[in-house]
Amino acid sequence: MAKYLDPKADVTFKKVFGEHKNLVISLLNALLPLEDGKKVESIEYMTPEMVPDTPTRKDTSVDVRCEETGGRKFIVEMQMEWRASFKHRVLLNASKAYVRQLPKGNEYNLLQPVYSLNLVNETFEPDMEEYYHYYRLVHYLHSDKVLEGLHLVFVELPKFKAKNLTEKKMQVLWLRFLTEIGHDGADEVPQDLLDNPQTGQALEIVRESAYTEAERYAYEKFWDYASREATKEADMKAAIAERDAAVARADAAVEKLRQDKLQTARNLKAMNLANEQIAAATSLSAAEIEKLK
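A. Representation of the overall build of the protein within the structure. In terms of regular secondary structure, the protein is built from nine helices and six strands. Over its C-alpha atoms the protein spans a radius of gyration of 28 Å, topping by over 25% the 19 Å that the globule rule assigns to 293 residues. Structurally, the protein occupies a C-alpha span of about 90 × 55 × 40 Å along its principal axes. Split into buried and exposed, the 293 residues of the protein put 40% on the buried side. Within the protein, contacts between residues at least 6 apart in sequence are counted, and of these 63% link residues at least 24 apart. Carbon and sulfur atoms provide 53% of the accessible area of the protein, an area that totals close to 17000 Å². Counting 41 positive and 48 negative side-chain charges, the protein places the averaged centre of each group 4 Å from the other.

B. Region of interest: helix H1 (residues 10–17). Within H1, seven of the eight residues are buried, leaving the element largely enclosed by the surrounding structure. For H1, the set of buried residues is Asp10, Val11, Thr12, Phe13, Lys15, Val16 and Phe17.

C. Layout of the pattern of salt bridges. Overall, the coordinates contain 18 salt bridges when judged by the stated rule. The residue aspartate 6 makes a salt bridge to lysine 8 at a minimum N-O spacing of 3.1 Å. A relative accessible area of 7% means that lysine 8 is categorised as buried. Glutamate 125 serves as the salt-bridge partner of lysine 87, at 2.9 Å between the closest nitrogen and oxygen.

D. Geometry of the pairing of strand E4 (residues 114–120). The buried count for E4 comes to seven of seven residues, which makes it a mostly enclosed element. In the sheet, strand E3 (residues 73–79) pairs with E4 via seven bridges, with the strands oriented parallel. Paired with phenylalanine 74 across the bridge in E4 is tyrosine 115. Pairing of E4 with strand E6 (residues 146–156) involves seven bridges; the strand directions are parallel. Within E6, the position partnered with valine 114 by the bridge is leucine 150.

E. Just the environment of tyrosine 134, in detail. Looking at the secondary structure, you find tyrosine 134 in strand E5 (residues 132–138). When the C-alpha atoms of tyrosine 134 and leucine 32 are compared, they prove to be 8.8 Å apart, with 102 residues separating the residues in sequence. Apart from the residues lying within four places of it in its own chain, the contact partners of tyrosine 134 are Pro33, His151, Leu152 and Val153.

F. Expanded view of the packing of aromatic side chains. Overall, the coordinates contain 13 aromatic pairs when judged by the stated rule. Aromatic pair tryptophan 82 and phenylalanine 124: ring centres 3.9 Å apart, planes at 10 degrees, arrangement stacked. Of this pair, tryptophan 82 sits in the loop between E3 and helix H3 (86–99) while phenylalanine 124 sits in the loop between E4 and E5, placing them 42 residues apart in sequence. In this pair, the class of tryptophan 82 matches that of phenylalanine 124, namely buried. Ring-pair connections join several aromatic residues into one group, and the members of that group are Trp82, Phe86, Phe124, Tyr135 and Phe154. Its guanidinium or amino end placed over the ring of tyrosine 211, lysine 15 lies 5.5 Å from that ring's centre, counting from NZ or CZ.

G. Focus on the nonpolar core. In terms of nonpolar packing, the biggest core is built from 53 residues, with Phe13, Phe17, Leu28, Leu117, Leu119, Trp174 and Phe177 touching the most fellow members. Ignoring anything within four residues of it in the chain, the contact list for leucine 119 reads Phe13, Leu31, Val76, Glu77, Met78, Gln79, Val155, Leu157 and Leu178. In terms of nonpolar packing, the next biggest core, distinct from the first, is built from twelve residues, Trp82, Ala94, Ala97 and Val120 among them.

Conventions and cut-offs
- Residues numbered from 1 in each chain as written.
- Predicted model: local features only at pLDDT ≥ 70, side-chain atom pairs only at ≥ 80, totals over all residues.
- Heavy atoms only, no water.
- Helix = DSSP H or I, 4+ residues; strand = E, 2+ residues; numbered from the N terminus.
- Rg over C-alpha atoms; globule rule 2.2 N^0.38 Å.
- Buried < 20%, exposed > 50% of the residue type's maximum accessible area, 1.4 Å probe, protein only.
- Contact = heavy atoms within 4.5 Å.
- Areas by Shrake-Rupley, 256 points an atom, 1.4 Å probe, with all protein chains shown as cover.
- Lys, Arg positive; Asp, Glu negative; His and termini not counted.
- Charge placed at Lys NZ, Arg CZ, Asp CG, Glu CD.
- Salt bridge = Lys/Arg side-chain N within 4 Å of Asp/Glu carboxyl O.
- Pairing = 2+ DSSP bridges.
- Phe/Tyr/Trp six-rings, centres within 6.5 Å; stacked < 30°, edge-to-face > 60°.
- Lys NZ or Arg CZ within 6 Å of the ring centre and 35° of its normal.
- Core = buried A, V, L, I, M, F, W, Y, C linked by side-chain atoms within 4.5 Å.

Encoded structure:
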């Protein structure tokens, strides 16, 4: 029985979406907020900037860049771990892609929109129910007034649930492909993913038997590094939480000591001691003692 590799890894993601134009076109049309009549029909791959030259590089993200024939630019990124700076990096890379279209002296009306599709394998908006987040430049009072140019989409893969969804069919199928095909070499895959022409083709591409020994080694190295990074991130978060708790405990102790001094001062004041005597006994200032009731 066939075994399948996880499509979120760098080597598999690039093989599926970086080497098969029809599949990345299907993914873009399924997940981007494109209007009817403006679907992507043909693309050419662009020279990547963040895709590694060596498969064992120390990073847990991979991107595929392409442009519509004569038009829009697309950046598709698979991000295994979330960082607070990630949105800023996405905005920067999309802006760079937008600016680089215009050599000096060309007309601004030749600029084409840039779409950045970011698939994130972590939950980064825990207070939001939605897994799909779309950002663009809109008037803050009149949302129908839009500055075309940059379109940023973030998908929180862990939030995606295949049941009871109203999203379009291919969006569901692609998200299921990305979330249900595990990196443990699972040999059972949903039949509807196999039956669909696009996801079926993608599954053939991530068959373990289709990879060379060197590619499988790079694949395992990717997951080893991702696991270490996840552990490092968890340890860092735990250390920060412990530090914050220690600071909170120290602040609470200082405040309790202050409240104890204030109560002592009240008691002494009730005994009609002079403010100077109370200040000497409690280390409180004369102004603080004067305010006590």
